[in-house]
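Here's the letter readout for the chains.
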Amino acid sequence: MRNCEVIVVGGGPAGASAARRLQQGGAQVLVLDKEVFPRPKLCAGWITPEVVRDVDLDPATYPHRFLSFRRLHWHLKGLHLPIPCVQHSIRRLEFDAWLLEQSGAQVAAHTVRQIERDRGDYLIDGQYRCKYLIGAAGTACPVHRNLFRQALPRVRALQTVTLELEFAHEWRDPDCHLWFFEDGLPGYSWYVPKARGWLNVGIGGMAQRLKQRGEDIWLHWQRFSQRLEQRFGIRIALEPSGYSYYVRGPIDVVRLDNAFLTGDAAGLATRDLCEGIGPAVRSGLRAADSVLHGADYDLANVTGASMGGGWISRMVDWGFTRGVGRPAVGAAAPI
Ligand SMILES: Cc1cc2nc3c(=O)[nH]c(=O)nc-3n(C[C@H](O)[C@H](O)[C@H](O)COP(=O)(O)OP(=O)(O)OC[C@H]3O[C@@H](n4cnc5c(N)ncnc54)[C@H](O)[C@@H]3O)c2cc1C
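Overview of the structure. Every value quoted in this text rests on a predicted model; they were computed, and no experiment measured them.

The eight strands are arranged 3-5-4-11-12-13-10-14 in an open sheet whose pairing can be described as mixed. Single-partner strands in this sheet number two, and they are strand 3 (46-47) and strand 14 (241-246). Both strand 4 (residues 66-76) and strand 5 (residues 79-90) contribute to a ladder of ten bridges, which runs antiparallel. Bridging from a neighbouring strand, Leu-76 pairs with Leu-79 of strand 5.

Below, the structure written as structure tokens:
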């Protein structure tokens, strides 16, 4: 039996950020992840300046691919809006491994299945024991499954379904493009270039609304890949991969005793752009502060909106979710 003060289940952005803050605060922390890093993670890899700041990433010394966009191209019903911005892209394969290594925490490869309470501690698969437990294992997080399923049920109307491909490609257009609501998709598709000749393209939408329309995401993928060829001359020869996660709902319970939920495990992605890395990092840091200093595990500063929470955010949110399960006003406040 391995004893630890804090165990973090999942070493993605939420888990690695929690682990880093805990290490800095002098806690004894162990990260359990089912994969050995570097591991692939389906994600467009767009990150905001807030994420760069929150994870202390210095672009000058970051050892992997890092690209800054100067324009974000919005495409909506035939309208094209090139918006000046400073946003960035990374490759998750590289970024997540870097983040976890930066944490300085001990990491063990283990797929967590069973979690029980035992004399006030948490007992994991009969092999690990801890006083504090942080659930950071994404949509199918075993901490959610074992401890929070009843208290924080998943809201089907807030579930996204996605398909994407990341591949080596000598792109010519260095900006990020987003196409909203094409062919009635309750979501958007994207073109996100990465430094040194990589590209991520993908599509995501709300699963339940697609089902209600009698459509699936593959139909939209086929149309999207045809358009990519017309627009950029990119011929998609590979099959995309899929993943599903939840955007932010009316979250009530993300802490039970000494167990915490963070990132996708808590369903924290923003409702207007389905951005999950920033909320994962933020929630991981806040859970760690709660363990270290007894602070409330309060998600008020973990934004539910990527575009500030104003009328544009609300319109896009409405286009995706029809306003189902909107969180309290405070939860949608900008960072
Ligand atoms: C196609 C797609 C595109 C996206 N694009 C963007 C984007 O451009 N920008 C953005 O901000 N967000 C994006 N997101 C959302 C973003 O990827 C997630 O919100 C983010 O990764 C959440 O981080 P996390 O740390 O909570 O979980 P994850 O990154 O999913 O990490 C969870 C970790 O837990 C581990 N794990 C899982 N189960 C177990 C288990 N049983 N035992 C032990 N370990 C386990 C996994 O191996 C993984 O390492 C995208 C998502 C998808 C699917």
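Moving on, there is more to tell.
Within helix 9 (residues 311-321), the full set of buried residues consists of Ser-313, Val-316, Asp-317, Phe-320 and Thr-321. In an axial view of helix 9, the angular spread of the buried residues amounts to 110 degrees, which keeps them on one side of the axis. For helix 9, exposure combined with an orientation more than 90 degrees from the buried face picks out Trp-311 and Met-315. Tucked inside the fold, the buried residues of helix 9 contact strand 12 (187-194) and strand 13 (198-206). Arg-322, located one to two residues past helix 9, shows a positive phi value of around 60 degrees.

For the rest of this paragraph, the subject is the pairing of strand 13. The buried fraction of strand 13 is high, at nine of nine residues. Looking at chain direction, strand 12 and strand 13 are connected through eight bridges and run antiparallel. Residue Val-192 lies in a different strand from strand 13, and its bridge partner there is Asn-200. Taken together, strand 12 and the strand that follows it, strand 13, pair antiparallel across an intervening segment of three residues, in which Arg-196 is found at a positive phi of about 50 degrees.

The rules behind each value
Residues numbered from 1 in each chain as written. Predicted model: local features only at pLDDT ≥ 70, side-chain atom pairs only at ≥ 80, totals over all residues. Pairing = 2+ DSSP bridges. Helix = DSSP H or I, 4+ residues; strand = E, 2+ residues; numbered from the N terminus. Buried ≥ 20, exposed ≤ 12 C-beta atoms within 10 Å, placed from the backbone. Arc of directions from axis to C-beta. Contact = placed C-beta atoms within 7 Å.

Any link to function would need more than the numbers given here.
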